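Observations on the model geometry
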Amino acid sequence: MAGKGPGIFRALKRAAGMESGSSGPGAGGQDMSAIGLYHTSTKIGSMSFRTVKDVASFKGKVLLIVKPKKPLGQAEVQAIVQRVQNGLGVLLVGDGGEDNSNLNPLAIWFGVQFNNDIVSTFDKMGATTNAGYTYVREHAITEPLHIYTIDKSCSLRLRDWNRQVLLFSCQESFSDADGNEVWDTGEYLGSCAVMAQAEYGRGRAIFIGDAIMFERRKAQDMQLLNLVAKWLGHEM
């Protein structure tokens, strides 16, 4: 376990509108500066993280890249990858049923690809629904979790499933690529990764296919994002 640090997630919750007030342990400018939101990201809810345009000069610990509005260019990708190699934590967030391709020029460096689909499954009556429950692979981030509920996630293609996957859907799931809520020939059928991790040099990266966790404010979301922020910031 690394040092306790400034308590990164307290800033994450407050900046995302999940916690009121600014007093108490871990509050203050040091916390807020630990997390930055990449300037092409889509803001979710009441996110008010500091916007980061120049990654090379960013002094924080964790960089959020949330549903970027345009593809990450080669120079941007190289700058971020270099910072990750030197210890930066990066959180990449996509969403189900949306075009997530803008994330992939960076994600593929870490063996991950965001798909443009919705992870769906069959209920007991045979009807199609969004895959509500996911299973957990043992990892420092997921250790306290037994099962995790998602609302609308895209799937992730992983270079090394066994090493990278953190959350995945059941065997009865499928990748609904066209969003018609029906399994079609050619669509992947089976467990789908919805959250993954990678370590690169001295840095770390997390990939999440369900952006709704930043808005739902459920206890399970708070717990998971807490652990994600700590792991990315080398606090655990």
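Residues numbered from 1 in each chain as written. Predicted model: local features only at pLDDT ≥ 70, side-chain atom pairs only at ≥ 80, totals over all residues. Heavy atoms only, no water.

Re the pattern of salt bridges
This structure, assessed with the given rule, holds 2 salt bridges. A salt bridge links Asp 95 to Lys 67; the shortest N-O distance between them is 3.6 Å. Within this pair, whereas Asp 95 is found in the loop between strand S4 (89–93) and helix H4 (104–107), its partner Lys 67 is found in the loop between strand S3 (62–66) and helix H3 (74–85), the two being separated by 28 residues in sequence. Pair check on accessibility: Asp 95 and Lys 67 agree, each one buried. (Salt bridge = Lys/Arg side-chain N within 4 Å of Asp/Glu carboxyl O. Helix = DSSP H or I, 4+ residues; strand = E, 2+ residues; numbered from the N terminus. Buried < 20%, exposed > 50% of the residue type's maximum accessible area, 1.4 Å probe, protein only.)

With respect to the pairing of strand S1 (residues 35–38)
Taking every second residue as pointing to the same face, both faces of S1 are buried, with Ile 35 and Leu 37 on one and Gly 36 and Tyr 38 on the other. Two strands pair when backbone bridges link them, and S1 and S3 are joined in this way by 3 bridges, in the parallel orientation. Paired with Gly 36 across the two strands is Leu 63, which belongs to S3. Looking at chain direction, S1 and strand S2 (residues 50–52) are connected through 3 bridges and run parallel. Looking at the pairing, Leu 37 lines up with Thr 51 of S2. (Pairing = 2+ DSSP bridges.)

Thoughts on the packing of aromatic side chains
Ring pairs (aromatic) are described by centroid distance and by the angle formed between their planes. For the coordinates displayed, the defined rule picks out 5 aromatic pairs. When the ring of Phe 110 is compared with that of Tyr 200, the centres are 5.4 Å apart and the planes differ by 85°; the resulting orientation is edge-to-face. With Phe 110 in the loop between H4 and strand S5 (112–114) and Tyr 200 in strand S13 (residues 193–200), the pair connects residues that are 90 residues apart, well separated along the chain. Here Phe 110 falls in the buried class, since its relative accessible area comes to 5%. Taken together, the ring pairs connect Phe 110, Phe 114, Tyr 200 and Phe 207 into an aromatic cluster. (Phe/Tyr/Trp six-rings, centres within 6.5 Å; stacked < 30°, edge-to-face > 60°.)

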